[in-house]
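Coordinate inspection notes
Letter by letter, the chains look like this.
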Number of protein chains: 2
Amino acid sequence: MTLRVGFIGFGEAARTLAGGLGPAGAALRAYCRGRRHAPPYPAEFRQAAAALSVELVDTLEGLARASDVLVSAVFPEAAAPVGAESARHLRPDQLFVDVNAVAPATKEAIAAAVTARGARFVDAELMGAASLYGAAVPLYVSGSGAEEFQRRFTPLGLNVTLIPGPASAAATLKMLRSVVTKGMEAVIVEAMVAAFRAGVAPEAFTAITEPMDAIKFSDFARMCITSDLLHAGRRAVEMETVGEVVRGLGVEPIMVDAARRRLLWSAGLGARPAAEGEAVTDYREVLRLYDRLDRNRFPTEDSS
Amino acid sequence: MTLRVGFIGFGEAARTLAGGLGPAGAALRAYCRGRRHAPPYPAEFRQAAAALSVELVDTLEGLARASDVLVSAVFPEAAAPVGAESARHLRPDQLFVDVNAVAPATKEAIAAAVTARGARFVDAELMGAASLYGAAVPLYVSGSGAEEFQRRFTPLGLNVTLIPGPASAAATLKMLRSVVTKGMEAVIVEAMVAAFRAGVAPEAFTAITEPMDAIKFSDFARMCITSDLLHAGRRAVEMETVGEVVRGLGVEPIMVDAARRRLLWSAGLGARPAAEGEAVTDYREVLRLYDRLDRNRFPTEDSS
């Protein structure tokens, strides 16, 4: 049985998935009603869809009728209304998949509307840039339809990881991941804009990336957390000097100042003396210690 | 001829270098006058030095007399006075190497004191955590003695890269690198403290690190800059939602808020419309464009 997939919205995320699913044998359709593309679709847009073997459909109802799986891939602000409107057209045998970058609470609201119709909801999160990974982008899925999504799409080449927990469990992980990915983008841009001003952009790019290319990122991340316990205070002081250098190059040290504050927060917990004597080599021990010290410092009503 | 290396200060940096240089055949000595270790050295400290085949010396003058190369590896606040005091003991045939994390201006002041004695100055910067790389840690060197440093220490196993430019050229690169490395530490700690609160620390660690382990960091860094041009505005909006989620977990979104501001800066340059039509795939083009737009927006006296 050919799986019939209907995309609501046809931007980068949908096109990336379509580029993998089409050749794998899925029947693809799309419906758009955005700022740039809406029925009657312009010729250029029809050609782009046809190049990916995607048939454009003129109504949401028509798309829902012709699909086993509906995939919402729209602008974040449209995710909730599109979810509510789509739910009205859903049959109990259908999957509704939301790939949008919206808050866990929004995912839960859409899930409620979908499951109220007897259909199953899938929170699907792209855990990487479509431009880097293509259709093999890691997809984290949660919700009542997550297992079925994995069963049906893994054979079609998608890279699916099942996340247990509430309907929005994958969205929570995506948000936490975005702290790091967008944060890294911001620190890299800040450093490289300053490096350009200093006339050493290529040298700085090499200095920043070559040592990172030589190690596994997961080892680096573990080391960040375990060494934060020991060196956050010293590094916060170093960041004052780093901030002066960046500012001296005419660039506002936004990320440098924030990193200094975050390192001061770590140092201020008093975790280093609390851990004295034990060699803490497991990042999870550091997180447990930070959490305990932070709660003790600012007792809240629900802490015992 | 055995190379005689004298360490001023004997903390992690000095011990890491000693661990490589000793077995490679250098004669190692050290002098300390810090908060914890000063002559007469405690037995425990003598044993730690002896285990690395390092002879402890009781005066800075004695260390200088017995060394071909003096390496200053002290607390940052001590770097300038140690440089000034050491200079008084230097002979013209000696190298003075400063590995401390201090501002380029401080390195220049030390370089001036050293070269005034006829000796040669080396600004040597550890471009990675000693704990991760050991004695093979990438060392960037600049200054009047940089070439000699590379010639003498490369055969002893050190990983030396020559940086042309002023005496402090390596320090400037280290500072720019610290924007990224300490910034990444801060975003990873912020995300993982929040993940611990959400009860999903192991899942978040995997979600953050697995996709990064699958790609080269340098490719990621290039993509960050080129995609910042196109998506900074949308991502800044996403960071509002991310901040709400982090705050909702009881963690102050310090890095998230800063990243949102940095992304808004990028978006506010108007670089996307300025680049319309051209596909910008080279990160250096993005930096050039950002620099031009930023200077045009806030004209300064020295811009034409």
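Anything mentioned here points back to the structure above.
These numbers were taken from a predicted model, which means no experiment stands behind them.

1. A few points about the pairing of strand β7 (residues 138-142) of chain B
As a general feature of sheets, a regular strand has side chains that alternate between the two faces. Residues and elements named next belong to chain B. Of all 5 residues that make up β7, 5 are buried, and the element is covered over most of its length. Of the two faces of β7, the one carrying P138, Y140 and S142 and the one carrying L139 and V141 are both buried. As defined by bridge partners, β7 adjoins strand β8 (residues 159-162) across 4 bridges and the pair is classed as parallel. Bridge pairing links P138 to N159 in β8. Running through helix α7 (residues 146-153), the crossover from β7 to the neighbouring parallel element β8 is right-handed.

2. Quick look at the interface of chain B and chain A
Taken together, the contact between chain B and chain A spans 89 residues of the former and 89 residues of the latter. Summing the contributions of chain B and of chain A, the shared interface buries around 8400 Å²; its carbon and sulfur component is 76%. Taken as a group, L176(B), E185(B) and R262(B) account for 8% of the area that chain B buries against chain A, more than any other trio of residues on that side. At the junction of chain B and chain A, the tally comes to 12 salt bridges. E185(A) is the partner of R235(B) in a salt bridge, and the nearest nitrogen-oxygen pair spans 2.7 Å. Summed over the shared surface of chain B and chain A, the result is 22 residue pairs in polar contact (both at pLDDT 80 or more). Considering every element that reaches the side of chain B that touches chain A, the biggest residue donor is helix α8 (residues 169-197) of chain B, with 24 residues. For the side of chain B that touches chain A, the per-class residue count stands at 58 nonpolar, 10 polar and 21 charged.

3. As for the sheet that holds strand β4 (residues 69-72) of chain A
Residue and element names in this part refer to chain A. Reading across the sheet, the 8 strands line up as β3-β2-β1-β4-β5-β6-β7-β8 and stay open at both edges, with mixed pairing between neighbours. Two strands lie at the open edges of the sheet, namely β3 (54-56) and β8 (159-162), each paired on one side alone. This sheet shows a mean twist of 25° between the axes of neighbouring strands, independent of strand direction. Across the sheet, helix α4 (residues 79-87) is in contact with β1 (4-8), β4 and β5 (95-98); its angle to β5 comes to roughly 175°. With respect to the sheet, helix α7 (residues 146-153) is in contact with β1, β4, β5, β6 (120-126), β7 (138-142) and β8, its orientation differing from that of β8 by roughly 155°.

4. With respect to the pattern of salt bridges
Scanning the entire structure with this criterion turns up 46 salt bridges over all chains. Salt-bridge contacts for R247(A) lead to D257(A); the nearest nitrogen and oxygen are separated by 3.7 Å. One end of the pair, R247(A), is in helix α10 (residues 217-248); the other, D257(A), is in helix α11 (residues 254-268), with 10 residues separating them in the sequence. Assessed through its relative accessible area of 29%, D257(A) is described here as partly exposed. Ionic pairing is found between R261(B) and E252(A), a salt bridge with its closest N-O pair at 2.7 Å. Of this pair, R261(B) sits in helix α11 (residues 254-268) while E252(A) is found in the loop between α10 and α11, placing the two residues in two different chains. A relative accessible area of 43% means that E252(A) is categorised as partly exposed.

Here is what the cut-offs are and how they apply
- Residue positions within a chain follow its written sequence, with the count starting from 1.
- Here the convention is simple: chains get letters from A, ligands get numbers from 1, in the order in which they are written.
- Residues qualify for local features only when their pLDDT is at least 70, as the model is predicted, and side-chain atom pairs are given and counted only at 80 or more; totals for whole chains, interfaces and linings, by contrast, use all residues.
- Side-chain figures throughout are based on the complete set of non-hydrogen atoms in the structure, without hydrogens or water.
- Here's how the labels work: a residue is buried when its accessible area is under 20% of the maximum for its type, exposed when over 50%, partly exposed in between, all with a 1.4 Å probe on protein chains only.
- Helix and strand assignments come from DSSP, with helices taken as H or I runs of at least 4 residues and strands as E runs of at least 2, each series counted from the N terminus.
- When DSSP finds two or more bridges between a pair of strands, those strands are recorded as paired.
- When the strands point away from the viewer, a crossover counts as right-handed if the path from the first strand over the helix to the second runs clockwise.
- Two residues form a contact once any of their heavy atoms are found within 4.5 Å.
- Once two parts are joined, some of their accessible surface, as seen by a 1.4 Å probe, is lost; buried area is that loss totalled over both.
- One speaks of a salt bridge when a side-chain nitrogen belonging to Lys or Arg is within 4 Å of a carboxyl oxygen belonging to Asp or Glu.
- The definition of a polar contact used here is a pair of N or O atoms within 3.5 Å, where within protein one atom must be able to donate a hydrogen and the other to accept one, and adjacent residues in sequence count solely through side-chain atom pairs.
- Three classes are used: nonpolar for Ala, Val, Leu, Ile, Met, Phe, Trp, Tyr, Cys and Pro, charged for Asp, Glu, Lys and Arg, and polar for all others, with Gly counted as polar.
- Axes here mean lines fitted to C-alpha atoms, for a helix over just the part in contact, with angles spanning 0 to 180 degrees between N-to-C directions.

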